[in-house]
Amino acid sequence: MAALPILYSFRRCPYAMRARLALASSGEQVELREVVLRDKPAEMLAASPKGTVPVLVFADGGVLEESRDIMD
Ligand SMILES: N[C@@H](CCC(=O)N[C@@H](CS)C(=O)NCC(=O)O)C(=O)O
């Protein structure tokens, strides 16, 4: 089975909320990883050095790091 895209998210972030809602309504499956903003995981920062959530990381290494792009 192919690895799911990973969504780095923060529960109360409005940008992450709109990304999660768009993904849920599209039926796209992702692995959700909640982060603590003051202690971001190194693998998230390696994929997206700007350090904001949401970030969507695909199995092929592709990265979307703007909530608008994830929605689109
Ligand atoms: N333009 C970005 C904005 C994302 C953003 O600012 N997220 C905030 C949380 S709501 C963040 O990650 N801030 C980094 C931090 O607090 O360290 C988007 O739409 O995805």
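Higher on the page you've got the structure.
Residues numbered from 1 in each chain as written. Predicted model: local features only at pLDDT ≥ 70, side-chain atom pairs only at ≥ 80, totals over all residues.

Participant: Give me the lowdown on the sheet that holds strand β2 (residues 31–34), citing residues and values where you can.
Facilitator: A sheet is described by the order of its strands in space; here 4 strands give the open sequence β2-β1-β3-β4, paired in mixed fashion. The strands lining the two open edges of the sheet, one partner per strand, are β2 and β4 (63–64). The sheet contact formed by strand β1 (residues 6–9) and strand β3 (residues 55–57) spans 3 bridges and is antiparallel. Note that in β3 the partner of I6 across the bridge is V57. (Pairing = 2+ DSSP bridges. Helix = DSSP H or I, 4+ residues; strand = E, 2+ residues; numbered from the N terminus.)

Participant: Can you lay out helix α1 (residues 14–26) for me, pointing to particular residues and giving the numbers?
Facilitator: Between its first and last C-alpha atoms α1 spans 18 Å; for 13 residues at 1.5 Å apiece the expected length is 18 Å, and the two agree. Considered for burial, the residues of α1 that qualify are A16, A19 and L23. Seen from one end, α1 has its buried residues packed into an arc of 60°, which puts them on one side. Facing away from the buried side of α1, by more than 90 degrees, are the exposed residues P14, L21, A24 and S25. Check the buried side of α1 and you find it contacts β1 and α3 (67–71). At the exit of α1 stands G27, carrying a positive phi of roughly 80°. (Expected span 1.5 Å × (residues − 1). Buried ≥ 20, exposed ≤ 12 C-beta atoms within 10 Å, placed from the backbone. Arc of directions from axis to C-beta. Contact = placed C-beta atoms within 7 Å.)

Participant: Residue-level account of unusual backbone geometry, with values.
Facilitator: A cis amide bond, omega 5°, links V53 with the succeeding residue P54. Positionally, P54 belongs in the loop between α2 (42–47) and β3.

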